[in-house]
Amino acid sequence: MPPIANRQMIDPAGRRVDYLRISVTDRCNERCLYCMPEHYSAWLPRGDLLTYEEILAVARAGVRLGFRRFRVTGGEPLVRPGIAAFVGRLAGIPGVESVQMTTNGTRLPQLARPLYDAGLRRINISLDALDPVIYRGITGGELAPVLEGLNAVRDLGFESVKLNTVLIRGRNDGQILPLVRFAAEQGVAIRFIELMPVSLSEMLDDSNFLSVSEAGRMIAAEDEMEPLDTVLGFGPARYFRLKRSGAVVGLIGALTDLHFCERCNKMRLTADGRLRPCLGNHLETNLVPALRPSVDESLLESLVKSSLAVKPAEHLFRENYQPGRIMTAIGG
């Protein structure tokens with residue numbers, strides 16, 4: 001078997017897949033319109049959630065096969081007890097090149113330091129509005145702790161801090177330019193993300209959907225956008241630098257970018273142990289039989305390979321896709 005550094009996973013479309021997004025919980029302390037239906041309460045039984053030991057077993061198997069980069073997600077990952085220690089153990093696995101996190105930021109005022117001490121250096125924070133009333137209307141939460149958490153990670157010197165904004169027409173289209181200015185002032189990148197049918201297909205009607213192209217035109221009307229040659233991070237965003245302000249803006253157009261899937265390098269592990277080769281597809285491989293009652297490393301690797309073997313060339317979001325699981329149950 002080749003050394004860990006030389007192992008690669010290649011999917012049927014010829015793409016190198018080296019990035020695993022790990023959901024550690026389906027629970028969240030916010031209730032975003034695009035992620036969780038109103039009145040949703042079908043949380044996974046706690047016994048169905050993978051333990052940290054089981055998640056680490058999957059990560060180690062992934063590294064043996066070719067995964068190099070990992071992102072910890074939820075739900076909201078910071079609501080799970082012991083998350084900082086888990087991040088430290090994940091980062092300590094030989095062969096892991098990067099551990100990142102996506103969070104709503106509400107618990108960062110308390111957890112930024114423990115996460116930093118555990119080795120986390122790259123973090124994405126969801127920020128759908130700067131107006132507290134608009135923010136509450138989209139997320140059901142409070143803006144102040146998110147901004148406090150952003151200050152905390154900046155003060156600690158995280159290497160990469162990005163803001164994520166999901167575009168919703170009629171909700172936060174008036175926040176696009178204020179968010180860009182804010183990101184420039186903070187010295188962090190901001191990415192604008194198109195709505196996807198990941199929880200409710202009705203979120204994608206004409207009254208709600210706002211394309212990244214339209215958002216880009218709004219931004220370009222205020223400041224010239226120059227494409228960046230360098231790639232920031234490991235995801236699908238196309239990045240630009242604003243000529244006057246210096247702001248770095250990423251656009252993630254899963255619906256309108258017809259080449260979106262050509263760059264896909266990821267798979268997702270759900271909190272209950274299902275491996276999804278594509279967010280916009282119902283395909284899942286159940287890893288639990290290889291984890292319980294004890295870890296079967298050979299079976300685990302075989303199941304990961306079988307999931308890779310059915311990774312589709314493109315998502316189904318443009319084909320009247322009907323979500324089977326809501327986003328908080330799949331992982332960000």
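The following refers to the structure shown.

All right, on to the overall build of the protein chain then. What the protein chain contains, in helices and strands, is nine helices and twelve strands. Looking at the protein chain as a whole, 56% of its 332 residues are labelled buried. Partitioning the intrachain contacts of the protein chain with sequence separation of at least 6 by distance along the chain shows that 72% fall at a separation of at least 24.

With that settled, consider the state of the cysteines. Overall, the coordinates contain zero disulfides when judged by the stated rule. For Cys261, which is in no disulfide, the shortest distance to another cysteine sulfur is to Cys278 and amounts to 6.1 Å. Residue classification places Cys261 among the buried positions, given a relative accessible area of 12%. The closest cysteine sulfur to the non-disulfide-bonded Cys264 is located on Cys261, 6.5 Å from its own sulfur.

With respect to the helices and strands, the residue Val133 is situated in helix H4 (residues 132-139). Separated by ten residues in the primary sequence, Val133 and Leu143 have C-alpha atoms spaced 8.7 Å apart.

What follows covers unusual backbone geometry. Along the chain, Gly74 connects to Gly75 via a cis peptide bond; the corresponding omega equals 10°. Note that Gly75 resides in the loop between strand E2 (69-73) and helix H2 (83-91).

Turning to the packing of aromatic side chains, a few remarks are in order. Centre-to-centre distance and the angle between the planes together describe a pair of aromatic rings. The full count for this structure, using the stated rule, is three aromatic pairs. For the ring pair Tyr52 and Phe86, a centre distance of 4.7 Å and an interplane angle of 15° mean the geometry is stacked. Taken together, the residues span a long stretch of sequence, with Tyr52 in helix H1 (residues 52-65) and Phe86 in helix H2 at a distance of 34 residues. Their ring planes at 55° and their centres at 6.3 Å tell us that Phe67 and Phe70 sit as a pair that is tilted. Judged by relative accessible area, which is 1%, Phe67 ranks as buried. Residue Phe70 is classed as buried on the basis of its relative accessible area of 0%. Arg80 extends its terminal NZ or CZ atom over the ring of Tyr52, reaching a point 4.1 Å from the ring centre. In this arrangement the basic side chain of Arg121 is found over the ring face of Tyr116, its NZ or CZ atom lying 3.6 Å from the centre.

Procedures and definitions
Residues numbered from 1 in each chain as written. Predicted model: local features only at pLDDT ≥ 70, side-chain atom pairs only at ≥ 80, totals over all residues. Heavy atoms only, no water. Helix = DSSP H or I, 4+ residues; strand = E, 2+ residues; numbered from the N terminus. Buried < 20%, exposed > 50% of the residue type's maximum accessible area, 1.4 Å probe, protein only. Contact = heavy atoms within 4.5 Å. Disulfide = S-S within 2.5 Å. Phe/Tyr/Trp six-rings, centres within 6.5 Å; stacked < 30°, edge-to-face > 60°. Lys NZ or Arg CZ within 6 Å of the ring centre and 35° of its normal.

Take it as geometry only, folks, not as evidence of what the structure does.
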